[in-house]
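Breakdown of the fold
Given next are the chains, with one letter for each unit.
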Amino acid sequence: MNYRTLVRALIASAALAAGALLAGCDSDEISLAANAKANQPVPPKLIAAMTEKDMDLQSPILVRLFKQEAELEVWKQDRSGRFTLLKTYPICRWSGDLGPKVREGDRQAPEGFYSITPGQMNPQSAYYLSFNTGYPNAYDQALGHTGSQLMVHGDCSSRGCYAMTDEQIMEIYALGRESFFGGQKAFQFQAYPFRMTPINMAKHRNNPNMPFWKMIKEGYDHFEVTRQEPKVNFCEKKYVFDAVKPPDAKQDPMFQASAKCPAYVIPDEIADAVREKQEQELAEYAKLVAKGTPVAKLNTGIDGGMNQVFAARVPGGNTGLSEGGEGQSLSLSGFSRAPGTIPSTVNPPHAPGADEPVVAAPALTPAPAPAPPTRVASAAPTAQSDGFFSNLARKIGLGGTADTTAATPPPSPAKPKPEAKRGEQAPRSEAAAPKGAASKPAETKPAETRQAATRPQPKPSVSDSAPVAEAPAPKDTLVAGSQPIVQTNSFDSRFSAAK
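Keep in mind that this is a model prediction, so the values were computed, not measured. (Residues numbered from 1 in each chain as written. Predicted model: local features only at pLDDT ≥ 70, side-chain atom pairs only at ≥ 80, totals over all residues. Heavy atoms only, no water.)

Examining the pairing of strand S10 (residues 187–192)
Among the six residues in S10, six count as buried, and that is most of the element. Going residue by residue along S10, you find Phe 187, Phe 189 and Ala 191 tucked away on one face and Gln 188, Gln 190 and Tyr 192 tucked away on the opposite face as well. Bridge analysis of strand S5 (residues 112–116) against S10 gives five bridges, and the strand direction is antiparallel. Following the sheet pairing, Gly 112 is matched in S10 by Ala 191. (Buried < 20%, exposed > 50% of the residue type's maximum accessible area, 1.4 Å probe, protein only. Helix = DSSP H or I, 4+ residues; strand = E, 2+ residues; numbered from the N terminus. Pairing = 2+ DSSP bridges.)

What to know about the pairing of strand S12 (residues 238–241)
In terms of strand pairing, strand S11 (residues 232–235) meets S12 through four bridges, oriented antiparallel. Bridging from a neighbouring strand, Asn 233 pairs with Val 240 of S12. The antiparallel pairing of S11 with S12 creates a hairpin that spans two residues between the two strands, and Glu 236 there sits at a positive phi of about 50°.

Some points on the nonpolar core
Of all hydrophobic cores here, the largest spans 66 residues; its most connected members are Leu 72, Phe 189 and Tyr 239. It is helix H5 (residues 166–181) that provides the largest number of residues to this core, a total of eight residues. Ignoring anything within four residues of it in the chain, the contact list for Leu 72 reads Val 63, Arg 64, Leu 65, Lys 87, Thr 88, Tyr 89, Ile 91, Val 152, Met 164 and Ile 172. (Core = buried A, V, L, I, M, F, W, Y, C linked by side-chain atoms within 4.5 Å. Contact = heavy atoms within 4.5 Å.)

Focus on the sheet that holds strand S2 (residues 71–77)
If you trace the five strands from one edge of the open sheet to the other, you get S3-S2-S1-S10-S5, paired in mixed fashion. Because the sheet does not close on itself, it has two edges, and the strands there are strand S3 (83–90) and S5. Each adjacent strand pair in this sheet contributes to an overall mean axis angle of 20°, direction not counted. Of the strands in this sheet, S2 and S3 touch helix H3 (residues 44–52), which is tilted by about 150° from S3. Along the sheet, H5 makes contact with strand S1 (61–66), S2, S3, S5 and S10, crossing S3 at roughly 155°. (Axes fitted to C-alpha atoms, helices over the stretch in contact; angles between N-to-C directions.)

So, the packing of aromatic side chains
One pass over the full model with this rule turns up 19 aromatic pairs. Aromatic pair Tyr 192 and Tyr 220: ring centres 5.2 Å apart, planes at 85°, arrangement edge-to-face. Of the two residues, Tyr 192 sits in strand S10 while Tyr 220 sits in helix H7 (residues 210–226), which places them 28 residues apart along the sequence. You can call Tyr 192 buried: its relative accessible area is 0%. Lying over the aromatic face of Tyr 128, Lys 37 brings its terminal NZ or CZ to 5.1 Å of the ring centre. Residue placement shows Arg 195 over the ring face of Phe 66; its charged tip is 4.2 Å from the ring centre. (Phe/Tyr/Trp six-rings, centres within 6.5 Å; stacked < 30°, edge-to-face > 60°. Lys NZ or Arg CZ within 6 Å of the ring centre and 35° of its normal.)

What follows is the structure, given as structure tokens:
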């Protein structure tokens, strides 16, 4: 019976994808499945998991992400209408610090609630596949926060984004695509600094971002007690969750992020369940503080994090700020192999002032690519502080004394293709796409210094026996300010707002 269900699901997926290709060049379906990568079917193992959990292939999804644990969760609606966890993915790389994104170029990966529409899915990504988080949302804009093109993508390389392996983003993209084909208008993306547990709240109690984190924890709690996507609104420059009109009101409340909050109420069944949960956690939090739970260090200067599953398989690997906080669901022992291809140029987190060496993945063995790689932009040349020819010139007496002190100028960034339009985020992981691509154009991949100029095709995967080198100290970066993010039912102009 399960086998027949699996076969029917695969046939339905293929038929829908084929129908989408015949539907017309301007349709969302064409945008979602514009090439072989974007049209890969959901893996049979995932479909089998859906069958076990009483889920339909095209039922709605919801995504939650945690920086400290370096995990991304995909939740899916079962036939009872509740969301159930389908799969947890380790995050290969994220950049910045714990805390929300505040300004263009701060290298921060955003935190808060966002809505992902079909128009934010990018099948032409320079980073295999991607979707745009929609940052900044109405809340961010009300606070004057800036930034653009903040993505979840493949390639394990981040400059303000959340980077997965190519194989992982292929699965996540396929799950999102199928939910859109099933009628979901947008799926919710919730990004947190860590799992919002009493122990994590106690450890970070002195962090200046705590007021923001307490605000988005309200939405976290709503989802935890209802297993339903919380409705998100903004007013008075704050988040409001699951608001409905008062009993005596004739119309739904109208919310504006910078305006005074309208009259609203939260349904009693949700409000009571959330209150009970929060009272229990507050009591536990007070006990943890009273017994002297250590406070997490601030302003470490470490640039982001990496899940231990990946850090353990990269020479000099370091988890950075992803130290596996309370509630981490993945363990290294659960993975006999890395979950996807780790690029040979991956840079794990490094300490302030430390160089970013090109880290080559050890014990490389070819892995079957999930689809023919179609890179849009090539990596930038490797940066060097002192080149081979400069050393040679000094040894044979050329260049005079000035050559012994002058630093080699940095390499020029890789030029984008003529038709590619460079985005505004600098630096960032995804740039704006060229005109002329179907609905969702390709971005220009930004130059990343100290990376190899070429990448092997197909990318090798790291074997289980790869030696684990000592982790170097973490790397410096801007420490982001604080403040929150997100909304739910205002999906129409999200992609344009990202600019």
